[in-house]
Amino acid sequence: MNQVQPDLVNFDPGIAYFSMEIGLETGLFTYSGGLGVLAGDTLKSCADLGLPVVGVSLLYHQGYFSQSINDKGEQVESPIEWNPADKLKLLPSKIVVREIQGRDVSVQGWLYVYTGLDGHRVPIIFLDSQLPENDEQDRALTSSLYAGDQEFRLRQEILLGIGGVKYLRAVGCHKIHTFHMNEGHSALLTLELLRESQRNVLETWDEDTVWDFEKVKNQCVFTTHTPVAAGHDKFPYDLVEKTLNVNIPIKALKKIGGEEDLNMTTLGLNLSRFANGVAQMHGDVSRNMFPGRDIDFITNGIHVPTWTHTAFKKLYDRSIRLWAKDPKYLRHAMNLPPADIWAAHMDSKTNLMEEIARTTGEKFDPEILTLGFARRAAAYKRATLMFNDLDRLIEIAENCDGLQLVFAGKSHPQDQAGKGLIRDIHQFNDEIKRRSKKLKLVYLPDYNMRLGYLITGGVDVWVNTPLRPHEASGTSGMKAALNGVLNLSILDGWWVEGCLEGITGWAIGDVDPRSDLDREALDRYDAESLYGKLESIVVPTYYQNRERWIQMQGYAIGVNASFFNTHRQMEQYVCKAYFIR
Ligand SMILES: *Cc1c(COP(=O)(O)O)cnc(C)c1O
């Protein structure tokens, strides 16, 4: 048995965490959005907690894409140029993967090591097939994230799942008791584990072979992130037959991956000892989507030291012992001097306004009530809900000391509806500019981790308007709460658990689903609720009852940031998912 490479890890990891994207820092272009940032935050908390984890993902030489906005308000995409060697270390081990259309594909890993607060190191491996000995089409597999057609995606997922397990073995990881699949993209790792456990059977396989799925099941944990049926990766079996070169007959695969298509969620669920959704309500939705399956929930979190604005870091360092190492103690934020909370908030708000001035030339005023909305531009997130009745929104701004709106977000290049939303927001802004001096809007291009940090920390209110129940969890609202920013949101995802009305923020719309309303009526209904809350409580509290506002900021931190973090999340994964009974 090989030794674990000493420059890779100083322990033999028991847990391998697989994710199609992992977001660790802004300039490490291995993520697109929420899923990747969650994976990065998760691994960082593993390091802080001293968990024996190794992360596995793919490298993307051109990242996801960089976004600019043209003068028509349309998203323009360009590939990202970056040099992995600036951030990562190329590992000496190379392996050959033969499962992608039967070709020999060389794979080499890049290493990132995240060091936790007490010095515990978590290695993260990014697999790379862009090697000179590979075919052009195989080299392309690690060019960009979420690009290409179905076949391309399947080949990438073979590289991640099967290549990932093989690579871990090649670098000496033999004691892994838990393979955690963060979403279905990596579910093919189960087939490699199956091959490992049935080595002898495969050579003599025939129709009557009994497959020992239990052995694989005992090694795997699966987390689903998508309450939208269409969001789950599915591959037709004729494509699978042409593309996936494994020694498992399609008949056997159908038993575990679904009869009609190879459904990566079905495969992951069937071959896991524990499965979960990412918020209470998402657990319910997932059980309805996959009846008969035992699906628990663990609500997502954020990595507290990463997402605390510098101004609040200083305040917490001064006043709350152990807040970073154990964010449960952020509960003491409820007892912070109001003047200190407000000063830290104004620091982070000024910081955002400077960024706005620098990148757009717009002058935003830190004294004015500012709402933030930054997230992937996807139809279900309803980025334009706030403009459902523009007259009404302008009226609210005109009747108080003003309203500033900060928007950001990329749309998937193939998502025409999402791109339409970005264009629409820019058109609304043209109209706002013509009609109101008191309502202001900016759209900051190229949303990334750095902008996420600045915006979630630098506005007063974080708005989220998803179409229920499509937001599995959402994490940006947690970043806001950590920085004393109040949430105003539809009761979906984490906010169902996080909203204490008038204490940690406010709800938009009803608790009960309004299935009596069609989409257009529901949008009107939710928008009406949003305007009502702004007018009756958010605006008056901000401008006329600053004392109460700051008290709520303390509650948002004390009640929500102390709970909705990846430290608590990982403690639950250890108890519910990783611990073997
Ligand atoms: C936190 C974060 C997200 C996730 O936000 P949601 O609330 O899930 O929309 C996405 N992108 C970036 C860059 C982030 O920092």
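Structure: above.
Our subject in this report is the structure included herewith. Computed from a predicted model, the values in this text were never measured in an experiment.

### Section: the overall build of the protein chain
Turning to step 1, where the next piece is worked out: Looking only at helices and strands, one finds 21 helices and 19 strands in the protein chain.
Turning to step 2, where the next piece is worked out: Its C-alpha atoms give the protein chain a radius of gyration of 24 Å, within 12% of the compact-globule value 25 Å for 581 residues.
Turning to step 3, where the next piece is worked out: Based on the C-alpha atoms only, the size of the protein chain along its principal axes is roughly 80 × 50 × 45 Å.
Turning to step 4, where the next piece is worked out: Looking at the 581 residues of the protein chain, the share that counts as buried comes to 61%.
Turning to step 5, where the next piece is worked out: Taking all contacts inside the protein chain whose residues are at least 6 apart in sequence as the whole, residues at least 24 apart take part in 72%.
Turning to step 6, where the next piece is worked out: Total accessible area on the protein chain is roughly 22,200 Å²; 48% of this is exposed by carbon and sulfur atoms.

### Side note on the sheet that holds strand β15 (residues 403-408)
Strand pairing in a sheet is mediated by backbone hydrogen bonds. Such pairs are either parallel or antiparallel.
Turning to step 1, where the next piece is worked out: Taken in spatial order, the six strands line up as β16-β15-β14-β17-β18-β19 in an open sheet, and their pairing is parallel. Strand pairing shows two members of the sheet lacking a second neighbour, β16 (439-444) and β19 (505-508), which therefore form its edges. Between one strand axis and the next, the sheet turns by 20 degrees as a mean value, whatever way the strands run.
Turning to step 2, where the next piece is worked out: Inspection of the sheet shows strand β17 (residues 461-464) paired to strand β18 (residues 486-490) by four bridges, in the parallel sense. Each bridged residue has a counterpart across the sheet, and for V463 the counterpart in β18 is L488.
Turning to step 3, where the next piece is worked out: The sheet contacts of helix α20 (residues 546-561) involve β14 (369-374), β17, β18 and β19, and relative to β18 the element is tilted by about 75 degrees.

### Notes on the packing of helix α3 (residues 150-170) against helix α4 (residues 189-197)
Turning to step 1, where the next piece is worked out: Two elements in contact, α3 and α4, have axes whose closest approach is 6 Å; the angle formed by their N-to-C orientations is 50 degrees. Classified by the angle their axes make, α3 and α4 are oblique. The handedness of the crossing between α3 and α4 comes out as right-handed. For the pair α3 and α4, the contacting residues are G161, I162, V165, K166 and R169 in the first and L189, E192, L193, R195 and E196 in the second.
Turning to step 2, where the next piece is worked out: Classifying every residue of the contact of α3 with α4 by side-chain character gives four nonpolar, one polar and five charged.

### Quick word on the layout of surface pockets
Here the idea is plain: a probe the size of a water molecule rolls over the atoms and shows the empty space left.
Turning to step 1, where the next piece is worked out: In this structure, the second largest pocket spans a volume of roughly 210 Å³.
Turning to step 2, where the next piece is worked out: Taken together, T359, T360, E362, I425, H426, N429, D430, K433, L441, V442, Y443 and P445 make up the lining of the second largest pocket.
Turning to step 3, where the next piece is worked out: At the level of elements, α13 (338-360), α15 (416-435) and β16 are the ones that each hand at least two residues to the lining of the second largest pocket.
Turning to step 4, where the next piece is worked out: Element by element, the count of residues in the lining of the second largest pocket is highest for α15, at five residues.

### A short note on the environment of P13
Turning to step 1, where the next piece is worked out: Mapped onto the elements of the fold, P13 is located in the segment before β1 (15-18).
Turning to step 2, where the next piece is worked out: Taking the C-alpha atoms as reference, P13 lies 50 Å from L534; in sequence the two are 521 residues apart.
Turning to step 3, where the next piece is worked out: When neighbours within four sequence positions are excluded, P13 is seen to be in contact with P52, V53, V54, C173, K175 and I176.

### Quick word on the packing of α13 against α20
Working note: a packed helix pair is described by the angle between its axes plus the distance between those axes.
Turning to step 1, where the next piece is worked out: Their axes nearest at 10 Å, the elements α13 and α20 cross at an angle of 80 degrees. Overall, the two elements α13 and α20 adopt an arrangement that is roughly perpendicular. Contacts from P338, I341, W342 and H345 in α13 reach R546, W549, I550, Q553 and G554 in α20.

### Focus: the packing of aromatic side chains
Turning to step 1, where the next piece is worked out: Enumeration according to the criterion identifies 17 aromatic pairs in this entry.
Turning to step 2, where the next piece is worked out: Residues F387 and F407 carry aromatic rings whose centres are separated by 5.7 Å and whose planes lie at 35 degrees to one another, so their mutual orientation is tilted. Of this pair, F387 sits in the loop between β14 and α14 (390-398) while F407 is found in strand β15, placing the two residues 20 residues apart along the sequence.
Turning to step 3, where the next piece is worked out: Accessibility expressed as a relative area gives 3% for F387, which makes it buried.
Turning to step 4, where the next piece is worked out: The aromatic ring of Y525 is capped on one face by R514, whose charged end is 4.6 Å from the ring centroid.
Turning to step 5, where the next piece is worked out: Lying over the aromatic face of F297, K576 brings its terminal NZ or CZ to 5.0 Å of the ring centre.

### Topic: the environment of V574
Turning to step 1, where the next piece is worked out: Along the chain, V574 falls in helix α21 (residues 566-578).
Turning to step 2, where the next piece is worked out: Judged by relative accessible area, which is 28%, V574 ranks as partly exposed.
Turning to step 3, where the next piece is worked out: Remark: the alpha-carbon pair of V574 and S197, spanning 377 residues in sequence, is separated by 25 Å.

### Quick look at the site of the ligand
Turning to step 1, where the next piece is worked out: In the neighbourhood of the ligand, 13 residues make up the surrounding shell, with G34, K381, T475, S476 and K479 lying closest.
Turning to step 2, where the next piece is worked out: T475 is positioned such that a nitrogen or oxygen atom in its backbone is 3.1 Å from an oxygen atom of the ligand.
Turning to step 3, where the next piece is worked out: Between an oxygen atom of the ligand and a side-chain N or O atom of K479, the distance comes to 2.6 Å.
Turning to step 4, where the next piece is worked out: Look at the ligand: alone it shows 390 Å² of surface, and the protein chains cover 94% of it.
Turning to step 5, where the next piece is worked out: Listing elements by their share of the shell around the ligand, those giving two or more residues are α1 (34-49) and α17 (476-482).
Turning to step 6, where the next piece is worked out: Taken together, the residues of the shell around the ligand sort by class into four nonpolar, six polar and three charged.
Turning to step 7, where the next piece is worked out: Of the domains in this structure, domain 1 (6-300 + 569-578) and domain 2 (366-558) are the two that each give at least three residues to the shell around the ligand.

### With respect to the pattern of salt bridges
Turning to step 1, where the next piece is worked out: All chains considered together, the criterion is met by 38 salt bridges.
Turning to step 2, where the next piece is worked out: Residues K87 and E25 are paired through a salt bridge, measuring 2.7 Å at the closest nitrogen-oxygen approach. Separated by 62 residues along the polypeptide, K87 in the loop between β4 (75-78) and β5 (89-97) and E25 in the loop between β1 and α1 bring together distant segments of the chain.
Turning to step 3, where the next piece is worked out: A salt bridge links E192 to K166, with the nearest nitrogen and oxygen atoms 3.4 Å apart. Here the residue E192 occupies a position in helix α4, and K166 occupies one in helix α3, the gap between them amounting to 26 residues. Here E192 matches K166 in class, with each residue buried.
Turning to step 4, where the next piece is worked out: Among the ionic contacts, a cluster of salt bridges with common partners joins E99, K166, E192 and R195.

Rules used in this analysis
Residues numbered from 1 in each chain as written. Predicted model: local features only at pLDDT ≥ 70, side-chain atom pairs only at ≥ 80, totals over all residues. Heavy atoms only, no water. Helix = DSSP H or I, 4+ residues; strand = E, 2+ residues; numbered from the N terminus. Rg over C-alpha atoms; globule rule 2.2 N^0.38 Å. Buried < 20%, exposed > 50% of the residue type's maximum accessible area, 1.4 Å probe, protein only. Contact = heavy atoms within 4.5 Å. Areas by Shrake-Rupley, 256 points an atom, 1.4 Å probe, with all protein chains shown as cover. Pairing = 2+ DSSP bridges. Axes fitted to C-alpha atoms, helices over the stretch in contact; angles between N-to-C directions. Parallel < 35°, antiparallel > 145°, perpendicular 65-115°, else oblique. Left-handed = near helix turned anticlockwise from the far one by under 90°. Nonpolar A, V, L, I, M, F, W, Y, C, P; charged D, E, K, R; others polar. 1 Å grid on protein atoms, 1.4 Å probe; cavity = no way out; pocket = protein on both sides within 12 Å on 5 of 7 lines; lining within 4 Å. Points joined across faces, edges and corners; volume = space filled by probe spheres on them. Phe/Tyr/Trp six-rings, centres within 6.5 Å; stacked < 30°, edge-to-face > 60°. Lys NZ or Arg CZ within 6 Å of the ring centre and 35° of its normal. Near = heavy atom within 4 Å. Polar contact = N/O pair within 3.5 Å; in protein donor to acceptor, adjacent residues only side chain to side chain. Domains from an automatic or database assignment. Salt bridge = Lys/Arg side-chain N within 4 Å of Asp/Glu carboxyl O.

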